[in-house]
Structures are given as C-alpha cells and as structure tokens.
Amino acid sequence: RDLTARRAMEQKSRDLAAAEAAHIATASKNAELERLNQILQERSGELARQTEEAQALAEEIEQSNEELQTALIEAEQARASAAAAEEFSRSILESIADPFVVVDADWRYEFVNQPAARMMESTIRNSGGVVGKNMWELYPDIVGSAFESPLRRSASERIATRFEAYYPRRGEWTSLQCYPLPRGGIAVQWRDITQQKRGEEAAMME
C-alpha cells in the first residue's frame, strides 16, 4: 500500500505537537521572564528607595558632624575664655600685696594668694598647702576668739565687715576685711597692724 499520505499526516501531527510544545515552552519562559522582570523592577525600586534613604542619612550625618564640630569649636572657645577669665582674676588677686583668701560656704579654702600662703604655712607648718582644707580645723585656736564672730556674721548675714583682733599665736594685731561672695563663702583680706597698735599704746602712756 502507498503510505506516503499517511506518513505525511503523521509527520504533520508530530510537527504540530512540537510546535505546540515549543509554543507552551516559550509562553512559560515568557511568563517566567515577566515574573523575574517584575521582581527586578521591585528590587530596583527598593534599591532606589534605600539609596535615597542612605543619601538622606549621609546628609543628616554630615549636618550632625558639622553641628558637632561647631559645638566643639564653641565649647573650646568658651573653655579658653573661661580659662583666660580665671587667669585674669587670679592675676588680679595675686597682685594684692596683703594676705588674701577665699573660703567657700563650708569654710574650705578655695584661693590663697602668695602673701597669705607664706604666712599661713609658716604658722601651721603645713607643707601640703591649705587649699581645700577647712579653716576652723586648721585654726582651732580662733574658734571662740575675737575672729570667729565677725567672720561668721559676714558669711551668714551676707554683709561686709571690718574688724581688728589680736592673734596670740603670732603675737600680732590684725586688721581684717571680709566680703561675702555671691555663691556663698567669703573673701578675707588682712593686714598686720601691730606696729600701729604699739604706737597707739605708747601714745596713751605718755
């Protein structure tokens, strides 16, 4: 029998089946490519958002760094100004020829100029200095003396006082001036007036 037509039909069926399979495979691949493309677009959008956020964060960090740098510069300038002001104040206090001290609200020495330091250290024989130490503990002999009441009065009533008193330990008469300080405590300046007192006593005996 002549099978040419049959064979041709079978080949055509196979060709159609192959073409259908190829079409299905192509459609599947196109769908997969579409899905992958959508995922890529979503990830690209997310990456773009992350990039924008990163840029915004970088700008914020840069601005914060600039503000921090400015604050550090201002703080350093303020520290330098405060140090200069303190040094200026200290130089003024050191220039006072008479003994001069500052005690805080707890009667601890905060500042002692050189004339006061020499006199005090020679009196109490304290090689470690007196700054930070309590006045009444260093000088227990002035508790209850003519020195205590005016000193405490100046500190408690916040008034300037001036008085004279005799200090037996040194055998000297002293003229003291006390000034209350805004943050508590007082500043005390004194002067040896022993010769003046002796002259007054001598004049009275004549």
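Residues numbered from 1 in each chain as written. Predicted model: local features only at pLDDT ≥ 70, side-chain atom pairs only at ≥ 80, totals over all residues. Heavy atoms only, no water.

Enquirer: Sorry, what's going on with the overall build of the protein chain here?
Expert: Helices and strands together make up the secondary structure of the protein chain, namely 5 helices and 5 strands. Along the protein chain, helices and strands appear, N-terminal first, in the series α-β-β-α-α-α-β-β-β-α. Among the 206 residues that make up the protein chain, the fraction classed as buried is 25%. Of the contacts formed within the protein chain by residues at least 6 apart in sequence, a portion of 38% connects residues at least 24 apart. Total accessible area on the protein chain is roughly 14700 Å²; 54% of this is exposed by carbon and sulfur atoms. (Helix = DSSP H or I, 4+ residues; strand = E, 2+ residues; numbered from the N terminus. Buried < 20%, exposed > 50% of the residue type's maximum accessible area, 1.4 Å probe, protein only. Contact = heavy atoms within 4.5 Å. Areas by Shrake-Rupley, 256 points an atom, 1.4 Å probe, with all protein chains shown as cover.)

Enquirer: Sorry, what's going on with the packing of aromatic side chains here?
Expert: The description of an aromatic ring pair rests on the distance of the ring centres and on the angle between the ring planes. Scanning the model with the defined rule gives 5 aromatic pairs in all. In textbook terms, an aromatic cluster arises when at least three aromatic residues are bridged by ring pairs, as seen for Phe 147, Phe 163 and Tyr 167. (Phe/Tyr/Trp six-rings, centres within 6.5 Å; stacked < 30°, edge-to-face > 60°.)

Enquirer: Is there a simple way to think about helix 4 (residues 148–157) in this case?
Expert: Since the α-helix advances by 3.6 residues per turn, residues separated by three or four positions end up pointing in the same direction. Those residues of helix 4 that sit buried are Glu 148, Pro 150, Leu 151 and Ser 154. Close packing links the buried residues of helix 4 with helix 3 (135–138), strand 3 (161–167), strand 4 (172–180) and strand 5 (186–192). Of the residues one or two after helix 4, Arg 158 is the one with positive phi, at around 55 degrees.

Enquirer: So what exactly am I meant to see when it comes to the pattern of salt bridges here?
Expert: Two side chains carrying opposite charge are able to pair once their charged atoms lie near each other. One pass over the structure, following the stated rule, counts 10 salt bridges. With its nearest N and O atoms 3.2 Å apart, the salt bridge here joins Asp 141 to Arg 169. Highlighted residues: Asp 141 in the loop between helix 3 and helix 4 and Arg 169 in the loop between strand 3 and strand 4, separated in sequence by 28 residues. Among the residues examined, Asp 141 registers a relative accessible area of 35% and is labelled partly exposed. The closest approach of N and O atoms between Glu 200 and Lys 197, which form a salt bridge, is 3.8 Å. Of this pair, Glu 200 and Lys 197 both sit in helix 5 (residues 194–205), 3 residues apart, roughly one helical turn. Given a relative accessible area of 35%, Glu 200 falls into the partly exposed group. With relative accessibility at 15%, the residue Lys 197 sits in the buried group. The structure contains a network of salt bridges with shared partners spanning Glu 164, Lys 197 and Glu 200. (Salt bridge = Lys/Arg side-chain N within 4 Å of Asp/Glu carboxyl O.)

Enquirer: Can you walk me through the side chain of Asp 98 in this structure?
Expert: Within the fold, Asp 98 resides in the loop between helix 1 (4–94) and strand 1 (100–103). In this structure Asp 98 comes out as buried when scored by relative accessible area, which is 16%. There is a polar contact of 3.2 Å between the side chain of Asp 98 and the side chain of Gln 189. Beyond its immediate sequence surroundings of up to four residues, Asp 98 is in contact with Asn 113, Pro 115, Gln 189, Trp 190 and Arg 191. (Polar contact = N/O pair within 3.5 Å; in protein donor to acceptor, adjacent residues only side chain to side chain.)

Enquirer: It is not clear to me how the sheet that holds strand 5 should be interpreted in this structure. Could you clarify?
Expert: Strands belonging to one sheet form pairs held by backbone hydrogen bonds; the direction of such a pair is parallel or antiparallel. The strand order across the open sheet formed by 5 strands is 2-1-5-4-3, and the pairing between neighbours is antiparallel. The sheet terminates laterally at strand 2 (109–112) and strand 3, the two strands that pair on one side only. Shown here is a sheet whose adjacent strand axes are inclined to one another by a mean of 25 degrees, direction ignored. Sheet topology note: the strand 1/strand 5 ladder contains 4 bridges and is antiparallel. Opposite Val 103, over in strand 5, you have Ile 186 as the bridge partner. Running at roughly 155 degrees to strand 3, helix 4 makes contact with strand 3, strand 4 and strand 5 of the sheet. Each of strand 3, strand 4 and strand 5 is contacted by helix 5, which is oriented at about 125 degrees to strand 4, the strand it contacts most. (Pairing = 2+ DSSP bridges. Axes fitted to C-alpha atoms, helices over the stretch in contact; angles between N-to-C directions.)

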